[in-house]
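# Structure at a glance
As a plain string of letters, each chain reads:
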Amino acid sequence: MPADAGGMDDGLTAWMKAEMAFASAAILRCVSATDRVMRRTPFGQTVVPKPGSVVAAPNTDPASGEPDYFFHWIRDSAIVMDALRVLHCRGMCPDARRILDAFVSFSLGLSGLDGASLVRQGLSRHTILPDVLKYVRPNEELENVRGDAVLGEARFNPDGTLDIIRWSRPQHDGPALRALVLLRWHRVADGLGAGVEALVEQDLAFVERHWREPCYDIWEEESGYHYYTRLVQMEALSAGAEWLDEGGNRRQAVRCRSAAQALRTQLDRHWSPDRGFYLSRLGTPRTDPDKSLDSSVFLAVLHAARDGREHGLRDPRMQATLRELERLFASEYAINRSPREGRALAMGRYAGDRYVSGGAWYMTTLGAAEFHYSLAERMVSDDALKGSDRGTLLAVDASRTAKGDDLSPRLTGGSAGPAGALIARGDGFMRVVRDHTPGSGELSEQFDQSSGQQTSARNLAWSYAGFITAYDARERAMAALHEAVQS
Ligand code: NOJ
Ligand code: NOJ
């Protein structure tokens, strides 16, 4: 395959290859980071990660004013395990199975935590500095953390203890995401073992029991009904139902299927014909600025790995939502105002984000790249779709902006077909990421919307995961295109 097959020959593919090598090493430093110590001195804590834990960002130095990400989030850890699956399938991580096993044991261990016994043993409030006491969860709250409530905790200390700090809880996307990721692992690896089954069963049962309840969103800001949470829940329940059927657990499969159907109806209610995009949230307090248009919506499609016309990659409404987000960030961020050649956009979360530099974010910019790559792959690898999807919004837009020479004529038979144009558009997002990545290859959480400087947590595992899955989606799209042209 020619190195420049995906776009103008400005060394993008060579950079991506190098970044892929860096990201795969960097993400592994977040898993089982047993050699690190986090002294959360004001809270009287010394945290040493256990094997199998995943820290969202390993280099947190709270004294520097950076956010403290030295926690094992269920969500982030699932996203990291999905990237690990990609590394495993690409032959880039010989240790992946062992790491997965450790993750599964660690995760199962968390489920048995009991806040009441923590309180009984006497949470040592005397070792906590008086000025941070107000951030510590009251005993009454901690006492209720047991059984199902543990799965709504959102995050834990990576040493396997409960987080005693007040936080936005519950969050219910994590167990759904973890079940989905493990079911995906199940398809690519044999003999995963009883631990994986137990964890999937537990997570599915949790989703099936609690999907009706409001919870905080993935950005941990508002309680209500969130598109992201609902979509990963629906997908986990329907993928889970098949898995349960295979295992002969038909009763639970029926329950999961009917919950998935009910969620489907709820998800449809997120579409706003007036505004022309999926509303990210329902039943939340009004915010100013409005967060209804939110990148978490298209991230949900990627994380749920849905490629169809209904709440999937090929859903015209979903594509319209992504397009609206592009419009939003094109006008909102100074770094997007005079794009260099071959660049798409730096993407953030929603309008008027105030968290740290308020965007842009690597995970959303990489997510936009991945969305285009994955859509391209679907278009070429599924013959039946070739014709019908040419007309979808993103494909038409991408074809309009793609120049004839954007793709190697050898691959496209002389013209940049819609799939080729989508890959080229994806590359536009990748170039933006490259522009804001230092020579070291390190990715933080955000890059400043005006200066482009990296901000917020350093070495964010999720940013590396976002790179790894986007890279993989591009490779798969290129391979599919190559094959289609040759046949
Ligand atoms: C931490 C959350 O994780 C982040 O998403 C949010 O924006 C800030 N808290 C502010 O609420
Ligand atoms: C902030 C993000 O909003 C949240 O989704 C994530 O879980 C944490 N950071 C940790 O990465």
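Here the structure is a predicted model, which means the values were calculated and not measured.

### Things to note about the site of ligand 1
Taken together, the residues surrounding ligand 1 are W167, W219, E220, E221, R349 and Y355. In the model, an oxygen atom of ligand 1 is placed 2.8 Å from a nitrogen or oxygen of the W219 main chain. Of the pockets mapped on this structure, ligand 1 occupies the second largest pocket. Taken together, the residues that form the shell around ligand 1 break down as three nonpolar, no polar and three charged.

### Overview of the site of ligand 2
Around ligand 2 sit A56, Y69, W73, R75, D76, I218, W219, E220, R349, E445, L460 and W462, and that is every residue in its neighbourhood. Contact between ligand 2 and D76: an oxygen atom at 2.6 Å from a side-chain N or O atom of the residue. R349 places a polar side-chain atom, nitrogen or oxygen, 3.5 Å from an oxygen atom of ligand 2. In isolation ligand 2 offers 300 Å² of accessible surface; the protein chains occlude 98% of this area.

### Some thoughts on the pairing of strand β6 (residues 223-226)
Direction of pairing for strand β5 (residues 215-216) relative to β6: antiparallel, over a ladder of two bridges. Within β6, the position partnered with Y216 by the bridge is S223. Linking two consecutive strands that pair antiparallel, namely β5 and β6, is a turn of six residues; a positive phi of about 60° is found at E220 within it.

### A word on the packing of helix α1 (residues 12-28) against helix α2 (residues 74-89)
At a closest axis distance of 11 Å, the pairing of α1 and α2 adopts a crossing angle of 130°. Considered as vectors, α1 and α2 are oriented oblique to each other. Regarding α1 and α2, the two cross each other, and that crossing is left-handed. Residues M20, S24, I27 and L28 of α1 form the contact with α2, whose participating residues are V80, A83, L84 and L87.

### A closer look at unusual backbone geometry
Of note, the amide linkage connecting R169 to P170 takes the cis form, showing an omega dihedral of -5°. Here the amide bond leading from G359 into A360 is cis, since omega sits at 0°, within 30 degrees of zero. Relative to the elements of secondary structure, A360 occurs in the loop between α11 (316-332) and α12 (362-381). Phi at A154 is positive, roughly 75°, even though this residue is not glycine.

### Focus: the layout of surface pockets
Left-over empty space is what a probe sized like a water molecule reveals as it rolls over the atoms. Each pocket or cavity is described by its volume, and for the largest pocket that value is around 760 Å³. If you trace the largest pocket, you find 37 residues lining it, with R85, R184, L302, A305 and R476 closest to the centre. Looking at the lining of the largest pocket, the elements that each hand over two or more residues are α2, α6 (173-188), α8 (227-246), α10 (296-304), α12 and α17 (461-486). When its residues are assigned to classes, the lining of the largest pocket shows 20 nonpolar, five polar and 12 charged. Residues from two domains meet in the lining of the largest pocket; each of domain 1 (1-21 + 331-487) and domain 2 (31-268) gives at least three. In this structure, the second largest pocket spans a volume of roughly 600 Å³. Considering the residues around the second largest pocket, the lining is formed by 30 residues, among which D68, Y69, R155, W167 and Y355 are closest to the centre. Among the elements of the structure, β1 (38-40) and α2 are those that each provide at least two residues to the lining of the second largest pocket. Residue composition of the lining of the second largest pocket, grouped by class: 18 nonpolar, two polar and 10 charged.

### Here's the deal with the domain arrangement of the protein chain
The assigned domain composition of the protein chain is domain 1 (1-21 + 331-487) and domain 2 (31-268). The C-alpha-based centres of domain 1 and domain 2 are spaced at 29 Å. If you look at the interface, domain 1 gives 20 residues, while domain 2 gives 21 residues. On inspection of domain 1 and its partner domain 2, the count reaches four salt bridges. Put simply, E66 and R458 hold a salt bridge, and the shortest N to O gap is 3.0 Å.

### Focus on the sheet that holds β5
Strand order across the open sheet formed by three strands is β5-β6-β9, with antiparallel pairing between neighbours. Every interior strand has two partners, whereas the edge strands, β5 and β9 (281-282), have only one. Strands in contact with α8 are β5, β6 and β9; relative to β6, the strand with the most contacts, it is inclined by about 50°.

### A short note on the environment of R29
The residue R29 is located in the loop between α1 and β1 in this model. Of the residues examined, R29 reaches a relative accessible area of 48% and is grouped as partly exposed. R29 sits 229 residues away from S258 along the chain, and the two C-alpha atoms are 40 Å apart.

About the criteria used
- Residues numbered from 1 in each chain as written.
- Chains lettered and ligands numbered in written order.
- Predicted model: local features only at pLDDT ≥ 70, side-chain atom pairs only at ≥ 80, totals over all residues.
- Heavy atoms only, no water.
- Near = heavy atom within 4 Å.
- Polar contact = N/O pair within 3.5 Å; in protein donor to acceptor, adjacent residues only side chain to side chain.
- 1 Å grid on protein atoms, 1.4 Å probe; cavity = no way out; pocket = protein on both sides within 12 Å on 5 of 7 lines; lining within 4 Å.
- Sits in = over half its atoms within 2 Å of the grid points.
- Nonpolar A, V, L, I, M, F, W, Y, C, P; charged D, E, K, R; others polar.
- Areas by Shrake-Rupley, 256 points an atom, 1.4 Å probe, with all protein chains shown as cover.
- Pairing = 2+ DSSP bridges.
- Helix = DSSP H or I, 4+ residues; strand = E, 2+ residues; numbered from the N terminus.
- Axes fitted to C-alpha atoms, helices over the stretch in contact; angles between N-to-C directions.
- Parallel < 35°, antiparallel > 145°, perpendicular 65-115°, else oblique.
- Left-handed = near helix turned anticlockwise from the far one by under 90°.
- Contact = heavy atoms within 4.5 Å.
- Points joined across faces, edges and corners; volume = space filled by probe spheres on them.
- Domains from an automatic or database assignment.
- Salt bridge = Lys/Arg side-chain N within 4 Å of Asp/Glu carboxyl O.
- Buried < 20%, exposed > 50% of the residue type's maximum accessible area, 1.4 Å probe, protein only.

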